[in-house]
Amino acid sequence: MDEMEEELKCPVCGSFFREPIILPCSHNICQACARNILVQTPDAESPQSSRASGSGVSDYDYLDLDKMSLYSEADSGYGSYGGFVSAPTTPCQKSPNGVRVFPPTVPQPPPQQHLLPQPGSLPPIPRNSCITCPQCHRSLILDDRGLRGFPKNRVLEGVVDRYQQSKAAALKCQLCEKSPKEASVMCEQCDVFYCDPCRLRCHPPRGPLAKHRLVPPAQGRISRRTSPRKISTCTEHELENLSMYCVQCKTPVCYQCLEEGKHGTHEVKALGAMWKLHKGQLSQALTGLSDRATEAKEFLVQLRNMVQHIQENGVEFEACLVAQCDALIDALNRRKAQLLSRVNKEHEHKLKVVRDQISHCTVKLRQTTGLMEYCLEVIKENDPSGFLQISDALIRRVHMTESQWGKGTLTPRMNSDFDLTLDSGPLLQTIHQLDFVQMKVPAAPMLQLEECCTQNNSATLSWKQPPLSTITVDGYILELDDGNGGPFREVYVGTETICTVDGLHFNSKYKARVKAFNASGVGQYSKTLIMQTSEIAWFTFDPASAHPDIVFSNDNLTVSCNSYDDRVVMGNSAFSRGVHYWEMTIDRYDNHPDPAFGIARGDVLKDVMLGKDDKAWAMYVDNNRSWFMHNNSHTNRTDGGISKGATIGMLLDFSRRILIFLINDEQQGPVAFEGLEGVYYPAISLNRNVQVTLHTGLPIPDFYTPGEVDPNGSVC
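This section reports on the structure supplied with the text. Since we're looking at a predicted model, the values are computed, not measured.

1. Considering the overall build of the protein chain
Along its length, the protein chain carries 9 helices and 38 strands. Accessible area of the protein chain: about 43600 Å², with a carbon and sulfur share of 53%.

Okay, structure coming up:
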């Protein structure tokens, strides 16, 4: 009930409807609010008002609604049925629910008229007034009747009354003198609410009162609401009750409208019958709307669950992101420690080399200084002979010591600079480029069942990604089983979302599934779809594999030949499982040729008689007799030939692995070939003297029943 409250409020005042009227656009408005939003139009447009009668929902052309001018901030135009009427700009206000409200614009009458409203009555509505629907903004010029020309919505008024009563406080006893207590029952005959003490005192269950019916207060309130309401009267003829319904104008009318008004020539029906009909239509429409509302509720539950899942996934993803960043920071700290260790080693190595050089130079300098001081003291001696005895040795020592201070001795063995440079540029660039990438595999595709189908021994499958999936898909993998419950195998890998698989077994049930993949991996499989191929084979001759001398007609069902030599043509469907039967009729048979009928592998020779090589199993026949032939081996000569109009049948049974031939519905000879395995195509060889027509999709002949082949070659 609370959700219905917005339907019961006026779009202008925002309060519950009071005396609502129905505008021609089917929207409702309070009668007082309608008076408040009236706008007067210029007199020049007054002729239009005679056509814009508010009474008449019937003469309101709904097809012209779309032609009306819509009110906008930059345009003060109002349209009638016939055209566009410009209205003076009027200051507007806004109601509590945001709808624009136009204050009444009442022109000042001439001073000599002194028109004043009577006490207790509403002021008269100016002529040529215009009303604009506050919801759809469609405008209408009122006629002389003004707002009285619009029908009152008594149904809406009743709904508002019931709704307000349902929201009222608890019902009180009507007989309590002070502080009325809450009522416990209501007497339907007395129409009085009683509390328990007052009921025992004033309405004892005896005498005439014993026959009164007491009901709970809520039920009594409902019975009050359902009391007969005032009968609606006609807006054209206020003294007449509405008794009929005009089908053309879609409005209730009275008897006088039919006798005098414009509804006289219209189709009318009984008001009660149309009331029941429209109630049924509304109930039926509500059923569909109820289904949509149920779906909407389920969808809202789904969205609320999504909110919870998003919050949970957000927390989980945030924790994962923090963990990944922490792992990067830990890796960087470990690398930092490794690099610092290398720097420390380089630092210690440099210090050691320099310190060793300092120690070496210090020792050598001390020795050199001692030698120099000794030589200076020797030079001071005045003994020539003693000086000469040691001078040569001293000179050699001085030269040797000087040579020890040669090139490189006074050069530092180690540079004080560190030759290590940390290349952090790529890492910084990588950090700046660090972003989210698609790390999830695709979701399972959805098979579009309405587009999946089988035709003959081909299957077409179509699929798509889930609607809300944003994961990148690089391609799809389609898998089918062998049609006999075996393992799945890939039949398609690519980017397309539709695929047709040819060459399947007839009368077999295939299971199909598809999955998507991207750089992150392969997603889940879709639901498995079971597809049934055709039980009976329908096929034609195949121009693509036929010899060039073969001539096709009748949608590739009839063939002939341009050559006097035998040429081979095959069907466009292959068989490898099941039981199949097809026929060929002789349309033309000249000069007694011997065409060959049978089956063949896909690589059979096309320029020799069928059965000449090891790729074909055939029966060739003339006008008197027939032979079976495979790999140029002729067997089982049988009397009985063909002529124009004859029918040759071929029955291929893979369950028994046999081939049987028929001529004119009679088996020709014994079982022709046994032990057949693999894939075979229907085939025929013929020359220019023969023309045949193919017939497929035929049932198995009646004579052929499941059984074993007896030793004599006949079918049991």
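2. Quick notes on the sheet that holds strand S14 (residues 251-254)
Judged by pairing direction, the sheet is antiparallel, and its 3 strands sit side by side in the order S14-S13-S15 without closing on themselves. Whereas interior strands pair on both sides, the edge strands pair on one side only; in this sheet they are S14 and strand S15 (268-270). For this sheet the average axis-to-axis angle between neighbouring strands, irrespective of direction, equals 45°. Here strand S13 (residues 242-246) runs beside S15; their pairing, made up of 3 bridges, is antiparallel. Residue pairing across strands places Tyr245 opposite Lys269, the latter belonging to S15.

3. Let's talk about the nonpolar core
Side chains of a nonpolar character, in soluble globular proteins, are inclined to be buried together. One finds Trp582 and Phe597 to be the most contacted residues of the largest nonpolar core, which totals 38 residues. For this core, the elements supplying multiple residues, two or more each, are strand S26 (558-561), strand S28 (579-589), strand S29 (596-600), strand S30 (616-621), strand S33 (647-653), strand S34 (658-663), strand S37 (681-686) and strand S38 (690-695). Listed in part, the 23 residues of the second largest apolar core include Ile21, Leu38, Cys136 and Val160.

4. Description of empty space enclosed by the protein
Using the criterion set out here, one finds 2 cavities of 30 Å³ or more in the structure. Space inside the second largest cavity adds up to approximately 60 Å³. Along the walls of the second largest cavity sit 10 residues, with Leu23, Pro24, Cys25, Arg138 and Leu140 positioned nearest its centre. Mapped by element, the contributors of at least two residues to the lining of the second largest cavity are strand S8 (129-132) and strand S9 (139-141). Taken together, the residues of the lining of the second largest cavity break down into 7 nonpolar, 2 polar and 1 charged.

5. Considerations on unusual backbone geometry
Of note in this structure, Asn507 is not a glycine but carries a positive phi near 50°. Along the polypeptide, Asn507 turns up in the loop between strand S21 (498-501) and strand S22 (509-518). Judged by relative accessible area, which is 46%, Asn507 ranks as partly exposed. The backbone of Asn632 shows a phi angle near 65°, a positive value even though the residue is not glycine. Within the secondary structure, Asn632 is located in the loop between strand S31 (625-630) and strand S32 (633-639). Overall, Asn632 belongs to the partly exposed group, its relative accessible area being 40%.

6. Quick word on the environment of Lys364
One can find Lys364 in helix H7 (residues 271-379). Since its relative accessible area comes to 11%, Lys364 is described here as buried. Separated by 40 residues in sequence, Lys364 and Gln404 have C-alpha atoms that sit 9.0 Å apart. Apart from residues lying up to four places away in sequence, Lys364 is in contact with Gln404 and Trp405.

7. Considering H7
If you check H7, its first and last C-alpha atoms are 155 Å apart, about what 109 residues at 1.5 Å a residue would give, namely 162 Å. Listed as buried for H7 are Met274, Lys350, Val353, Gln357, Lys364, Thr368, Leu371, Cys375 and Val378. The inward-facing, buried residues of H7 abut S13, S15 and helix H8 (384-404).

8. So, the pairing of S29
Counting buried positions along S29 gives 5 out of 5 residues, so the element sits mostly inside the fold. In this structure, S29 lies alongside S30, joined through 5 bridges in antiparallel fashion. Paired with Ile599 across the bridge in S30 is Trp617. Pairing between S29 and S37: 5 bridges, direction antiparallel. Directly across from Ala600, in S37, lies its bridge partner Tyr681.

9. As for the sheet that holds S30
One open sheet accounts for 6 strands, arranged S27-S37-S29-S30-S31-S32; its pairing is antiparallel. Every other strand in the sheet has two partners, leaving strand S27 (567-570) and S32 as the edge strands with one partner each. Going from strand to strand, the sheet's axes swing by 20° on average, the running direction of each strand aside. The pairing of S30 with S31 spans 5 bridges and is classified as antiparallel.

10. Overview of the environment of Met186
Take Met186: it is sitting in strand S10 (residues 185-187). Note on Met186: relative accessible area 2%, which makes it buried. A sequence separation of 13 residues divides Met186 from Arg199, and the C-alpha atoms of the two residues are 9.3 Å apart.

11. What about the packing of aromatic side chains?
Per the stated rule, a full pass over the model turns up 12 aromatic pairs. Residues Phe654 and Tyr680 carry aromatic rings whose centres are separated by 6.1 Å and whose planes lie at 35° to one another, so their mutual orientation is tilted. Of the two residues, Phe654 is situated in the loop between S33 and S34 and Tyr680 in the loop between strand S36 (673-674) and S37; the sequence distance between them amounts to 26 residues. Each member of the pair, Phe654 as well as Tyr680, is classed as buried. Cluster of aromatic residues (ring-pair linked, three or more members): Phe506, Phe539, Phe575 and Trp582. Positioned above the aromatic ring of Phe16, the side-chain terminus of Lys9 is 5.9 Å from the ring centre. In this structure, Arg513 is placed above the aromatic ring of Phe488, and the distance from its NZ or CZ to the ring centre is 3.9 Å.

12. Concerning the environment of Cys198
Tracing the chain through its elements places Cys198 in helix H4 (residues 196-202). With 23 residues separating them along the chain, Cys198 and Leu175 place their C-alpha atoms 6.6 Å apart. With near-sequence residues (within four places) excluded, Cys198 lies in contact with Cys173, Leu175, Cys176 and His203.

13. Overview of the side chain of Lys515
Summarising the element assignment, Lys515 is placed in strand S22. For Lys515, the side chain forms a polar contact with the side chain of Tyr525, separated by 3.0 Å. Among residues more than four places away in sequence, those in contact with Lys515 are Pro445, Gly475, Tyr476, Ile477, Glu479, Val522, Gly523, Gln524 and Tyr525.

Rules used in this analysis
- Residues numbered from 1 in each chain as written.
- Predicted model: local features only at pLDDT ≥ 70, side-chain atom pairs only at ≥ 80, totals over all residues.
- Heavy atoms only, no water.
- Helix = DSSP H or I, 4+ residues; strand = E, 2+ residues; numbered from the N terminus.
- Areas by Shrake-Rupley, 256 points an atom, 1.4 Å probe, with all protein chains shown as cover.
- Pairing = 2+ DSSP bridges.
- Axes fitted to C-alpha atoms, helices over the stretch in contact; angles between N-to-C directions.
- Core = buried A, V, L, I, M, F, W, Y, C linked by side-chain atoms within 4.5 Å.
- Buried < 20%, exposed > 50% of the residue type's maximum accessible area, 1.4 Å probe, protein only.
- 1 Å grid on protein atoms, 1.4 Å probe; cavity = no way out; pocket = protein on both sides within 12 Å on 5 of 7 lines; lining within 4 Å.
- Points joined across faces, edges and corners; volume = space filled by probe spheres on them.
- Nonpolar A, V, L, I, M, F, W, Y, C, P; charged D, E, K, R; others polar.
- Contact = heavy atoms within 4.5 Å.
- Expected span 1.5 Å × (residues − 1).
- Phe/Tyr/Trp six-rings, centres within 6.5 Å; stacked < 30°, edge-to-face > 60°.
- Lys NZ or Arg CZ within 6 Å of the ring centre and 35° of its normal.
- Polar contact = N/O pair within 3.5 Å; in protein donor to acceptor, adjacent residues only side chain to side chain.

It is worth stressing that arrangement in space is one thing and function is another; only the former is reported here.
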